[in-house]
Amino acid sequence: MGLDCGSLCCPADCLDEKCNCKCGESVCFIGVFVFAAACIFWLIGYATGINDYRAEKTDSFHQFNLWWFNLSYLLMVAGVIYAILVRRTQAFSREPEVA
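Residues numbered from 1 in each chain as written. Predicted model: local features only at pLDDT ≥ 70, side-chain atom pairs only at ≥ 80, totals over all residues. Heavy atoms only, no water.

Colleague: Explain the overall build of the protein to me, using residue names and the numbers behind them.
Modeller: Summing up its helical and strand segments, the protein has two helices and zero strands in all. Out of the 99 residues in the protein, the part that is buried amounts to 22%. Nonlocal contacts in the protein, meaning residues at least 24 apart in sequence, comprise 64% of its contacts between residues at least 6 apart. Roughly 7400 Å² of accessible area belongs to the protein as shown, and the carbon and sulfur atoms make up 68% of that amount. (Helix = DSSP H or I, 4+ residues; strand = E, 2+ residues; numbered from the N terminus. Buried < 20%, exposed > 50% of the residue type's maximum accessible area, 1.4 Å probe, protein only. Contact = heavy atoms within 4.5 Å. Areas by Shrake-Rupley, 256 points an atom, 1.4 Å probe, with all protein chains shown as cover.)

Colleague: Could you give me a rundown of a nonpolar patch on the surface, with the residues and numbers involved?
Modeller: Taken together, F29, I30, V32 and F33 make up a surface patch of nonpolar side chains, about 440 Å² in accessible area. By the secondary structure assignment, F33 is in helix α1 (residues 23–48). (Patch = residues over 30% accessible without salt bridge, like charges linked within 9 Å, V, L, I, M, F, W, Y side chains within 5 Å. Salt bridge = Lys/Arg side-chain N within 4 Å of Asp/Glu carboxyl O.)

Colleague: Describe in detail the side chain of N65, supporting the description with residues and values.
Modeller: Inspection of the secondary structure puts N65 in helix α2 (residues 61–87). Taking the relative accessible area as the measure of exposure, N65 reaches 3% and is therefore buried. Apart from the residues lying within four places of it in its own chain, the contact partners of N65 are A38, F41 and W42.

Everything listed here is a matter of geometry and, on its own, says nothing about what the molecule does.
In structure tokens, the structure reads:
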């Protein structure tokens, strides 16, 4: 395997080729989930009228919601980069079918 977090995020028995760790793909999926949740909260804010941007206020609902959107982008990009760095050509690949 290429680069990995090793003992920082995976157990000792997961540090070889047989493990087929998909941490990067999982982080990317978590980013998609956070994005979907942020979209739902944006729609709730839009429907209730509390989504208005107030430039002079740092506590507006819109700015808080933008933080979640930015977190989702970060997780999606970091997940893809990590998957490519660790698994190289195996990133986002499927398991071979058993005959």
